[in-house]
Amino acid sequence: MKHAESLGSRVYQGVQVSEVLFDEKNFTRGVRLRIADQEIEVPSRMVVDATGRQTLLGKQLRVKKNDPIFDQFAVHAWFKNVERGKEPSTDYIHIYFLPVERGWAWQIPIDHEITSMGIVAEKEVFKKGRMAPGEYFQKYVDSNPDLQHAMRNAERINDFKLEGDYSYKMDTFAGNGFVLIGDAARFVDPIFSSGVSVALYSAKYSSERIQYAFEHNDFSEAALKPYEKKLRSGTEIWYEFIRLYYKLLPLFTKFIGSKEHRIEILRLLQGEVFDRSEVPVLDAMRKYIKVVEETPNHAFASMLTDIPIS
Ligand SMILES: Cc1cc2nc3c(=O)[nH]c(=O)nc-3n(C[C@H](O)[C@H](O)[C@H](O)COP(=O)(O)OP(=O)(O)OC[C@H]3O[C@@H](n4cnc5c(N)ncnc54)[C@H](O)[C@@H]3O)c2cc1C
């Protein structure tokens, strides 16, 4: 942002964009925003929606679709005095598995004192439990001995926050004079922490098309669509990886330990892959799942879930 400002962009901070404005030909013509209690219109030929999970343009254009498979729900808060283990792991992100459908917990260091802790599970689990967020949170902390240990002296320092409408995607990521980037375009269960990386790549790839649009004075959907194609192929790979993982949890540990596939898995975890042919590990995982499915006495057979993978 500072770089853009140094090149002549005007930067407004602390303002709320309320609407993206379109002209009679259905091209964006700017945004309406609130600044110092005033509504103003700022003209612009190109609008980049980077509003994250607020999904401003997705909601305005009614192109937001909740994910048909992942309907998860998170309850999270910040804590002091979480037991983060010994150096160097005090700075690590930890994931705990919970004994409930697609359930896991995160432990993310915010600074040397504060830790973000969150419980994720299917929304049905929360609804059926009919518990207050704090009670629900504690129930699942107590369901995993390692997590319970980490939280034994923890002290909550802010209110519990709830994340519903957890996973979604937009029907379109680019149109006449606009693109959607980062979480404004798509959000999938952050089990592998790839969100920031995907958001940055989407910014990079969209900027290439925006540059093209300015150079050719062409802000049409057709000029911007190659960005959508690129981002969609990347997010589909990442989505496939997450589905395969939930189909058979031990798959991940098996493949990350393999010499042949370890690097591919690490790149997938980073959200860095935009070309399916670069990750044959996904086909290897599919083959492995098929073997487990067809071998009733396989050691992992009882761990197969009903997640559709095709
Ligand atoms: C529970 C949870 C845990 C996660 N854990 C991880 C993790 O461990 N690792 C990881 O990489 N990712 C994680 N993610 C994902 C990650 O947070 C996002 O993918 C990433 O922040 C997306 O970046 P973004 O810039 O698209 O959106 P955001 O970071 O959400 O930024 C959007 C910005 O737009 C502003 N904004 C919104 N609406 C308006 C408006 N109308 N006008 C003006 N400004 C507006 C917001 O204030 C915000 O500053 C997690 C997400 C969740 C929900």
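Residues numbered from 1 in each chain as written. Predicted model: local features only at pLDDT ≥ 70, side-chain atom pairs only at ≥ 80, totals over all residues. Heavy atoms only, no water.

A. Seen up close, the packing of helix 6 (residues 195–216) against helix 7 (residues 221–247). One can describe the packing of helix 6 onto helix 7 by two numbers: an axis separation of 8 Å at closest approach and a directional angle of 165 degrees. Compared by their axis directions, helix 6 and helix 7 come out roughly antiparallel. With respect to the hand of their crossing, helix 6 and helix 7 are arranged in right-handed fashion. In this structure, helix 6 uses Val198, Ser202, Tyr205, Ser206, Arg209, Ile210, Tyr212 and Ala213 to contact helix 7, whose residues at the interface are Ala223, Leu224, Pro226, Tyr227, Lys230, Leu231, Thr235 and Trp238. Its residues assigned to classes, the contact of helix 6 with helix 7 shows eleven nonpolar, three polar and two charged. (Axes fitted to C-alpha atoms, helices over the stretch in contact; angles between N-to-C directions. Helix = DSSP H or I, 4+ residues; strand = E, 2+ residues; numbered from the N terminus. Parallel < 35°, antiparallel > 145°, perpendicular 65-115°, else oblique. Left-handed = near helix turned anticlockwise from the far one by under 90°. Contact = heavy atoms within 4.5 Å. Nonpolar A, V, L, I, M, F, W, Y, C, P; charged D, E, K, R; others polar.)

B. Highlighting the site of the ligand. By nearness alone, 19 residues border the ligand, and Val17, Trp106, Asp183, Ser193 and Val196 come closest of all. In the model, a nitrogen atom of the ligand is placed 3.4 Å from a nitrogen or oxygen of the Gln16 side chain. Protein burial of the ligand: of its 1,000 Å² of free accessible surface, 66% is covered by the chains. For the shell around the ligand, the secondary structure elements donating two or more residues are strand 1 (16–22), strand 8 (104–109) and helix 6. Taken together, the residues of the shell around the ligand break down into nine nonpolar, eight polar and two charged. (Near = heavy atom within 4 Å. Polar contact = N/O pair within 3.5 Å; in protein donor to acceptor, adjacent residues only side chain to side chain. Areas by Shrake-Rupley, 256 points an atom, 1.4 Å probe, with all protein chains shown as cover.)

C. Up close: the packing of aromatic side chains. Per the stated rule, a full pass over the model turns up 19 aromatic pairs. Here Phe137 and Phe160 contribute two aromatic rings whose centre-to-centre distance is 5.0 Å and whose plane-to-plane angle is 45 degrees, an arrangement assigned as tilted. With a gap of 23 residues between them, Phe137 in helix 4 (residues 133–141) and Phe160 in the loop between strand 10 (155–156) and strand 11 (161–163) connect regions that are remote in the sequence. Note on Phe137: relative accessible area 2%, which makes it buried. Aromatic side chains Phe214 and Phe219 sit 4.8 Å apart centroid to centroid with 85 degrees between the ring planes, which places their arrangement in the edge-to-face category. Linked through ring pairs, Phe70, Tyr239, Tyr245, Tyr246 and Phe252 together constitute an aromatic cluster. Here the basic side chain of Arg186 rests over the ring of Tyr239, its NZ or CZ set 4.6 Å away from the ring centre. The ring of Phe173 is capped by Arg232, whose NZ or CZ atom sits 4.1 Å from the centre of that ring. (Phe/Tyr/Trp six-rings, centres within 6.5 Å; stacked < 30°, edge-to-face > 60°. Buried < 20%, exposed > 50% of the residue type's maximum accessible area, 1.4 Å probe, protein only. Lys NZ or Arg CZ within 6 Å of the ring centre and 35° of its normal.)

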